[in-house]
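Spelled out from the first residue to the last, the chains are:
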Amino acid sequence: MPLMIFPKRKPKRRVVKREKPADVHEAFERVMTAYNAYYDLNREDPLEPFDAEAVFRIHDEQYILIKKAKVSEADSNEFVYFAKAGELTEEQFLEYENTAWEDGLSRAQPKENHRNSDVTVVITAESISPEAEDAIKKSKKYKSYKMGIHGWSAHRVVAYDFSRHILLYNRRGEELKEIFSNIF
């Protein structure tokens, strides 16, 4: 009888289905809980018109055998701005977007070892107008420092429409889709 070799089975990913949040405040609190684990969260005195903000900073070094033989180092930052809204209009969204972008760029410190400083806007809203939905999907901001030698800044947007229980995002925010679909 010939020897049969069976391929290894991949373990199934365990998907935990959560109940939908009861209201916008519960949705907002779920987001705060998720970000609190890895980010420095500021709910006391965030930038106006936001309800909270968070900062994530990481410094990475690569070296050979000993720390004095450093090959490279890089600094990455992310500045996240959180907002709760009733009916999110296009004007409100543009205010959130522009305020966060300007503040995030002012916090970026482009220098030799700067890799990136991303600016993310997270909005939980009772409902989102069709105009605001289009503006979210078309949102695109990017800045390169010294032609990319000193890094870049990218803009991501994620918005949760409570009335329809859908997640909206721009092109760069799509990478957060899986994370936020686990929250909501």
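As a reminder, the structure under discussion sits directly above these lines.
Residues numbered from 1 in each chain as written. Predicted model: local features only at pLDDT ≥ 70, side-chain atom pairs only at ≥ 80, totals over all residues. Heavy atoms only, no water.

*Asks:* Give a detailed account of helix α2 (residues 90–107), specifying residues and quantitative values.
*Replies:* Helix length check: α2, at 18 residues, gives a terminal C-alpha distance of 26 Å against a target of 26 Å (1.5 Å per residue), a fit within 8%. Restricting attention to buried positions, one finds in α2 the residues Phe93, Tyr96, Glu97, Ala100, Trp101, Asp103 and Gly104. (Helix = DSSP H or I, 4+ residues; strand = E, 2+ residues; numbered from the N terminus. Expected span 1.5 Å × (residues − 1). Buried < 20%, exposed > 50% of the residue type's maximum accessible area, 1.4 Å probe, protein only.)

*Asks:* A description of the pattern of salt bridges should follow, citing residues and the corresponding values.
*Replies:* Following the criterion strictly, the structure yields ten salt bridges and no others. When the shortest N-O distance is used, the salt bridge between Arg156 and Glu78 registers 2.5 Å. Of this pair, Arg156 sits in strand β6 (residues 152–161) while Glu78 sits in strand β3 (residues 70–88), and the two are 78 residues apart along the sequence. Accessibility assignment for this pair places Arg156 and Glu78 in one class, buried. Between Lys137 and Glu133 there is a salt bridge whose closest N-O contact spans 3.2 Å. In this pair, Lys137 and Glu133 both sit in helix α3 (residues 130–138), four residues apart, roughly one turn of the helix. (Salt bridge = Lys/Arg side-chain N within 4 Å of Asp/Glu carboxyl O.)

*Asks:* Pulling in residues and values, what's your account of the nonpolar core?
*Replies:* Counting 22 residues, the largest nonpolar core has Phe50, Leu88, Phe93, Tyr96, Ile123, Ile128 and Ile136 as its most contacted members. In this structure Tyr96 touches Pro49, Phe50, Ala83, Lys84, Ala85, Leu88, Val121 and Ile123, once residues within four positions along its chain are discounted. (Core = buried A, V, L, I, M, F, W, Y, C linked by side-chain atoms within 4.5 Å. Contact = heavy atoms within 4.5 Å.)

*Asks:* Can you explain the packing of aromatic side chains? Please cite residues and give values.
*Replies:* One pass over the full model with this rule turns up six aromatic pairs. A ring pair is formed by Phe50 and Tyr96, whose centres lie 5.5 Å apart and whose planes are at 35 degrees; its orientation type is tilted. Remark: Tyr96 occurs in helix α2 and Phe50 occurs in the loop between β1 (40–42) and β2 (52–63); sequence separation between them is 46 residues. Each of the two residues, Phe50 as well as Tyr96, counts as buried. Each residue in the set Tyr35, Tyr39, Phe56, Phe82 and Phe180 is aromatic and connected to the rest through ring pairs, giving one cluster. (Phe/Tyr/Trp six-rings, centres within 6.5 Å; stacked < 30°, edge-to-face > 60°.)

Note that every value here comes from positions in space, so none of it alone points to a role or purpose.
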